[in-house]
Amino acid sequence: MRKTQQSSSCLFLFLFATFFHHSFGDVGTAAQFGPPYLPTACFGNDASAFPPNNLFAAAGEGIWDNGASCGREYYVSCISAAVRGTCKPDQTIRVKIVDRAQTSVTRPSRPGATIVLSEVGFGKIANPAAPYVNVEYQQV
(Lines give C-alpha, C1' and ligand atoms only; values in the text may rest on other atoms or scores of the structure.)
Protein backbone atom coordinates (compact mmCIF):
# COMPACT_ATOMS: atom_id res chain seq x y z
CA MET A 1 0.00 0.00 0.00
CA ARG A 2 2.86 2.38 0.79
CA LYS A 3 4.35 2.04 -2.70
CA THR A 4 0.99 3.07 -4.24
CA GLN A 5 0.89 6.22 -2.10
CA GLN A 6 4.44 7.13 -3.14
CA SER A 7 3.59 6.58 -6.80
CA SER A 8 0.47 8.73 -6.48
CA SER A 9 2.45 11.50 -4.78
CA CYS A 10 5.13 11.43 -7.47
CA LEU A 11 2.52 11.52 -10.22
CA PHE A 12 0.77 14.48 -8.58
CA LEU A 13 4.04 16.43 -8.25
CA PHE A 14 4.97 15.67 -11.85
CA LEU A 15 1.59 16.84 -13.16
CA PHE A 16 1.64 19.95 -10.96
CA ALA A 17 5.13 20.92 -12.19
CA THR A 18 4.19 20.25 -15.82
CA PHE A 19 0.93 22.18 -15.98
CA PHE A 20 1.48 25.03 -13.53
CA HIS A 21 4.23 27.40 -14.62
CA HIS A 22 5.75 29.34 -11.74
CA SER A 23 5.61 33.03 -12.56
CA PHE A 24 8.32 35.31 -11.19
CA GLY A 25 6.33 38.50 -11.61
CA ASP A 26 3.49 40.20 -13.42
CA VAL A 27 2.42 39.43 -16.97
CA GLY A 28 1.95 42.03 -19.70
CA THR A 29 3.01 42.96 -23.21
CA ALA A 30 6.27 44.40 -24.45
CA ALA A 31 6.71 46.44 -27.61
CA GLN A 32 9.82 48.18 -28.90
CA PHE A 33 10.83 51.65 -29.94
CA GLY A 34 13.80 52.97 -31.83
CA PRO A 35 15.96 56.07 -31.92
CA PRO A 36 16.03 58.93 -31.36
CA TYR A 37 15.99 58.07 -27.68
CA LEU A 38 15.16 61.22 -25.75
CA PRO A 39 14.04 60.54 -22.16
CA THR A 40 12.03 63.73 -21.88
CA ALA A 41 9.35 62.42 -19.51
CA CYS A 42 11.82 61.23 -16.88
CA PHE A 43 15.17 62.96 -17.20
CA GLY A 44 14.76 65.85 -19.62
CA ASN A 45 17.39 65.62 -22.33
CA ASP A 46 20.04 64.12 -20.05
CA ALA A 47 21.73 61.44 -22.19
CA SER A 48 23.55 60.11 -19.11
CA ALA A 49 20.20 58.69 -17.92
CA PHE A 50 20.59 55.85 -20.43
CA PRO A 51 22.36 52.72 -19.18
CA PRO A 52 25.58 52.13 -21.15
CA ASN A 53 24.38 48.65 -22.24
CA ASN A 54 21.31 50.21 -23.97
CA LEU A 55 18.92 48.08 -21.89
CA PHE A 56 16.26 50.66 -21.12
CA ALA A 57 12.52 51.06 -21.57
CA ALA A 58 9.57 53.41 -21.57
CA ALA A 59 6.80 52.72 -19.07
CA GLY A 60 3.33 51.92 -20.34
CA GLU A 61 0.39 53.40 -18.46
CA GLY A 62 0.02 50.27 -16.31
CA ILE A 63 3.40 50.80 -14.65
CA TRP A 64 3.87 54.56 -15.18
CA ASP A 65 2.64 55.33 -11.63
CA ASN A 66 2.38 59.10 -12.20
CA GLY A 67 6.08 59.26 -13.04
CA ALA A 68 7.27 57.28 -10.01
CA SER A 69 8.47 54.56 -12.39
CA CYS A 70 11.26 56.82 -13.71
CA GLY A 71 14.57 55.19 -12.85
CA ARG A 72 12.96 51.93 -11.68
CA GLU A 73 14.49 48.74 -12.99
CA TYR A 74 12.66 45.61 -14.12
CA TYR A 75 13.56 42.06 -15.02
CA VAL A 76 11.78 41.18 -18.28
CA SER A 77 11.50 37.88 -20.15
CA CYS A 78 9.45 36.81 -23.15
CA ILE A 79 6.87 34.10 -22.43
CA SER A 80 4.85 33.90 -25.67
CA ALA A 81 4.05 35.56 -28.97
CA ALA A 82 1.59 35.31 -31.85
CA VAL A 83 4.25 33.65 -34.01
CA ARG A 84 5.82 30.49 -32.65
CA GLY A 85 9.59 30.72 -32.11
CA THR A 86 9.56 34.50 -31.56
CA CYS A 87 10.68 34.34 -27.92
CA LYS A 88 14.27 33.60 -27.02
CA PRO A 89 13.86 30.99 -24.28
CA ASP A 90 15.62 31.41 -20.96
CA GLN A 91 16.61 35.03 -21.69
CA THR A 92 15.93 37.62 -19.02
CA ILE A 93 17.07 41.23 -19.23
CA ARG A 94 17.25 44.02 -16.69
CA VAL A 95 16.00 47.37 -17.98
CA LYS A 96 15.79 50.87 -16.57
CA ILE A 97 12.72 53.06 -17.14
CA VAL A 98 13.82 56.30 -18.83
CA ASP A 99 10.60 57.53 -20.45
CA ARG A 100 6.82 57.29 -20.66
CA ALA A 101 5.58 55.25 -23.64
CA GLN A 102 2.54 57.45 -24.26
CA THR A 103 4.65 60.59 -24.72
CA SER A 104 7.93 59.20 -26.11
CA VAL A 105 9.33 60.88 -29.20
CA THR A 106 9.45 57.57 -31.08
CA ARG A 107 6.13 55.72 -31.10
CA PRO A 108 6.03 52.14 -29.75
CA SER A 109 5.60 49.24 -32.18
CA ARG A 110 2.30 48.48 -30.39
CA PRO A 111 0.19 51.07 -28.58
CA GLY A 112 -0.95 50.14 -25.08
CA ALA A 113 2.02 47.90 -24.24
CA THR A 114 2.92 47.46 -20.59
CA ILE A 115 6.58 48.17 -21.24
CA VAL A 116 8.30 49.45 -24.38
CA LEU A 117 11.86 48.20 -24.73
CA SER A 118 14.76 49.70 -26.62
CA GLU A 119 15.61 47.88 -29.85
CA VAL A 120 18.61 46.29 -28.11
CA GLY A 121 16.51 45.12 -25.16
CA PHE A 122 13.71 43.71 -27.30
CA GLY A 123 16.23 41.90 -29.49
CA LYS A 124 17.77 40.18 -26.47
CA ILE A 125 14.50 38.45 -25.51
CA ALA A 126 12.65 38.10 -28.84
CA ASN A 127 12.91 38.24 -32.60
CA PRO A 128 13.22 41.97 -33.41
CA ALA A 129 10.82 41.59 -36.37
CA ALA A 130 7.91 40.97 -33.98
CA PRO A 131 5.74 44.01 -33.17
CA TYR A 132 5.14 42.83 -29.59
CA VAL A 133 5.43 39.84 -27.26
CA ASN A 134 3.89 38.71 -23.99
CA VAL A 135 6.29 39.08 -21.09
CA GLU A 136 6.76 38.43 -17.42
CA TYR A 137 8.28 41.37 -15.59
CA GLN A 138 9.28 42.10 -12.02
CA GLN A 139 10.54 45.27 -10.41
CA VAL A 140 14.08 44.91 -9.09
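Everything quoted here is computed from the prediction, not taken from an experiment.

A. Structural context of the packing of aromatic side chains. Per the counting criterion, the structure on display carries six aromatic pairs. Pairing Phe33 with Tyr37 gives two aromatic rings, centres 5.3 Å apart and planes at 80°, and the pair type is edge-to-face. The aromatic ring of Tyr132 is capped on one face by Arg110, whose charged end is 3.9 Å from the ring centroid.

B. Quick peek at the pairing of strand β2 (residues 56-59). Alternating positions in β2 separate into two faces, Phe56 and Ala58 on one and Ala57 and Ala59 on the other, with burial throughout. Taken together, the three bridges between β2 and strand β5 (residues 115-118) define a ladder with antiparallel strand orientation. Bridge pairing in β5 places Ala58 opposite Val116.

C. Seen up close, the pairing of strand β3 (residues 73-80). Inspection of the sheet shows β3 paired to strand β4 (residues 92-100) by five bridges, in the antiparallel sense. Opposite Tyr74, over in β4, you have Val95 as the bridge partner. Examined bridge by bridge, β3 and strand β6 (residues 132-139) share six bridges and lie antiparallel to one another. Of the residues in β6, the one forming a bridge with Ser77 is Glu136.

D. Here's a closer look at the pattern of salt bridges. A complete count under the given rule lists three salt bridges for this structure. Arg100 is the salt-bridge partner of Glu61, the closest N and O atoms lying 2.8 Å from each other. Of this pair, Glu61 sits in helix α3 (residues 61-64) while Arg100 sits in strand β4, placing them 39 residues apart in sequence. With relative accessibility at 22%, the residue Arg100 sits in the partly exposed group. Of the charged contacts in the structure, one is a salt bridge between Asp65 and Arg72, with a shortest N-O distance of 2.8 Å. Classification of Arg72 as partly exposed rests on a relative accessible area of 21%.

E. Main features of the state of the cysteines. Throughout the structure, instances matching the rule amount to two disulfides. Between the sulfur of Cys42 and that of Cys70 lies a disulfide, 2.0 Å long from S to S. As the torsion about the S-S bond is roughly -75°, the Cys42-Cys70 disulfide counts as left-handed. Of this pair, Cys42 sits in helix α2 (residues 40-43) while Cys70 sits in the loop between α3 and β3; the two residues are 28 residues apart in sequence, bridging distant segments of the chain. Using a relative accessible area of 18% as the deciding quantity, one classes Cys42 as buried. Under the relative-accessibility criterion, Cys70 is labelled partly exposed at 22%. The disulfide that involves Cys78 links it to Cys87, with 1.9 Å between the sulfurs. Taking the sign of the S-S torsion, -50° for the link of Cys78 and Cys87, the bridge is left-handed. Classification of Cys78 by relative accessible area gives buried; the value is 11%. Sequence-ordered numbering of the bonded cysteines in the protein chain gives a disulfide pattern of 1-2, 3-4.

The rules behind these values
- Residues numbered from 1 in each chain as written.
- Predicted model: local features only at pLDDT ≥ 70, side-chain atom pairs only at ≥ 80, totals over all residues.
- Heavy atoms only, no water.
- Phe/Tyr/Trp six-rings, centres within 6.5 Å; stacked < 30°, edge-to-face > 60°.
- Lys NZ or Arg CZ within 6 Å of the ring centre and 35° of its normal.
- Buried < 20%, exposed > 50% of the residue type's maximum accessible area, 1.4 Å probe, protein only.
- Helix = DSSP H or I, 4+ residues; strand = E, 2+ residues; numbered from the N terminus.
- Pairing = 2+ DSSP bridges.
- Salt bridge = Lys/Arg side-chain N within 4 Å of Asp/Glu carboxyl O.
- Disulfide = S-S within 2.5 Å.

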